[in-house]
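One letter stands for each residue in the lines below.
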Amino acid sequence: HIDDSRPFFGKAAVKRTLDLMAFHKMNVLHWHLTDDEGWRFPVAKRPELARDGSSRPHSANQKDLADRFEGGTYGPFAYSEADIREVVAYAAARHIRVIPEIDVPGHSKTALKVHPELLCFPKGSPEAPQGAVANVFCLGNDESLKLIDDVFEAVCDLFPDEIVHIGGDEVNKVNWEACPKCRARMKELGLKDGKALQSWQMNRTAALLAKKGKRVIGWDEMILDGQAPEKSVVMSWRGAEGGIAAAKMGLESVMTPHTACYFDYDQCIKDDPAVYPWFTHPLPLKDVYAYEPLAGIPADQQKYVLGGQCCNWSEYTCDETELQWKMWPRACATAEVFWTPAAKRDFADFRRRMETHRSRLTALHVNCAPLE
């Protein structure tokens, strides 16, 4: 997983990551292309999204580390259609699938800065309820649905993979509960609350993608908070619960619980130059290696677990150098965890082999962190 929406890494960095993925038998890249801080994805019908949504104040989401960033404007940085096709082809030549993510209906602050008319409550609106946020689409507004449709149609045109990530995480539903348009939508559809409204939107998007021959994958809120679309894949990030629940329903899952798979978390290196200041949840190499992705899933349901992934969220990652530092060697541990049966995994043996392998990575000019 690469989060390209906060800092913009660019296609050369993505290609280098693909090379390293192939080196470690990692065969799927989850490419996170939009979020609150930046819109990197080209949409021919909506050129304003990448044109106007790919810039931000330089340290917009790094206030605690502002001294590490220059002032002024960051961007505009976005991919062209040619860039996307080039990366997809480069990945395919290395037997790697590319699954794009457009995160909706939340995590959409950038899109809604470009289209503020699609907010439930415009900035400064006296009708806005306490706790309202500016990063969630108004699902009572037909124009919101049209924009989302246009974006995912563009995704289908540029990405050949069967699976498309439609986001769905951390959606604040306070807006919808107070918005007259959203309340009217819920009444019209017979929906009881905001959770049901989000499920309706995700199922609607899944139906659109199904017509294009696609299946959806979404964060585990999709199943734990509502009704998952038919044949969808659940990305279990808040723990193992999403994957366990999906297996019980006969749905496939990808295991990426943040406690074992989020590489933005501190790796417990002395004098670490790339830290995560939001909260303390250490994730040293030994804990990445200790993760058991099938724990808690009955043997007859384990077939529904497609695999797992390491997530490289980048709110506090400045550039490719820091991305590599946080990714390696922990991604080596992830690769071994997901390719090697638990009975054959031994951290002491991995640690010994990793000493040699780290020298290979540094010889390849990879900014690989020390092992401890």
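Located above this text is the structure these notes cover.
A brief structural summary. The structure displayed is predicted, hence computed values, not measured ones.

At their nearest, the axes of helix H14 (residues 330-339) and helix H15 (residues 347-363) sit 11 Å apart, and the two run at 125 degrees to each other. Between H14 and H15, the angle falls in the class oblique. Crossing handedness for the pair H14 and H15: right-handed. Two secondary-structure elements touch here, H14 through Cys-332, Ala-333 and Glu-336 and H15 through Phe-350, Arg-353, Met-354, His-357 and Leu-361. Partitioning the contact of H14 with H15 into residue classes produces five nonpolar, one polar and two charged.

For the rest of this paragraph, the subject is the pairing of strand E7 (residues 215-219). In terms of residue burial, E7 counts as a mostly covered element, since five of its five residues are buried. Bridge count for E7 against strand E8 (residues 233-236) is three bridges, and the pairing is parallel. Bridging across to E8, Ile-217 finds its partner in Val-233.

Our focus in this paragraph is helix H8 (residues 194-211). The end-to-end C-alpha separation of H8 is 26 Å, in line with the 26 Å expected for 18 residues at 1.5 Å each. Three or more residues of H8 are buried, namely Gly-194, Ala-196, Leu-197, Gln-198, Ser-199, Gln-201, Met-202, Thr-205, Ala-206, Leu-208 and Leu-209. In this structure Asp-193 caps H8, since a side-chain oxygen of it lies 3.2 Å from the backbone nitrogen of Lys-195. Immediately beyond the C-terminal end of H8, within one or two residues, lies Gly-213, with a positive phi of roughly 80 degrees.

As enumerated under the stated definition, the model contains 16 aromatic pairs in all. Where Trp-237 meets Tyr-262, the ring centres are 6.1 Å apart and the plane angle is 10 degrees; that geometry is what we call stacked. With Trp-237 in the loop between E8 and helix H10 (241-248) and Tyr-262 in the loop between helix H11 (258-261) and helix H12 (285-290), the pair connects residues that are 25 residues apart, well separated along the chain. Assigned by exposure class, Trp-237 and Tyr-262 land together as buried. Centre to centre, the rings of Tyr-262 and Trp-313 are 6.1 Å apart; their planes meet at 55 degrees, and the pair counts as tilted. Here Tyr-262, found in the loop between H11 and H12, pairs with Trp-313, found in the loop between strand E10 (305-308) and helix H13 (320-327); they are 51 residues apart in sequence, far enough to count as distant. For the pair Tyr-262 and Trp-313, one class covers both residues: buried.

Here Ser-54 is to be found in the loop between helix H2 (47-53) and strand E3 (56-57). Aside from chain neighbours lying at most four places away, what touches Ser-54 is Trp-39, Arg-40, Leu-49, Tyr-74, Gly-75, Pro-76, Phe-77 and Ala-78.

Calculation notes
Residues numbered from 1 in each chain as written. Predicted model: local features only at pLDDT ≥ 70, side-chain atom pairs only at ≥ 80, totals over all residues. Heavy atoms only, no water. Axes fitted to C-alpha atoms, helices over the stretch in contact; angles between N-to-C directions. Helix = DSSP H or I, 4+ residues; strand = E, 2+ residues; numbered from the N terminus. Parallel < 35°, antiparallel > 145°, perpendicular 65-115°, else oblique. Left-handed = near helix turned anticlockwise from the far one by under 90°. Contact = heavy atoms within 4.5 Å. Nonpolar A, V, L, I, M, F, W, Y, C, P; charged D, E, K, R; others polar. Buried < 20%, exposed > 50% of the residue type's maximum accessible area, 1.4 Å probe, protein only. Pairing = 2+ DSSP bridges. Expected span 1.5 Å × (residues − 1). Polar contact = N/O pair within 3.5 Å; in protein donor to acceptor, adjacent residues only side chain to side chain. Phe/Tyr/Trp six-rings, centres within 6.5 Å; stacked < 30°, edge-to-face > 60°.

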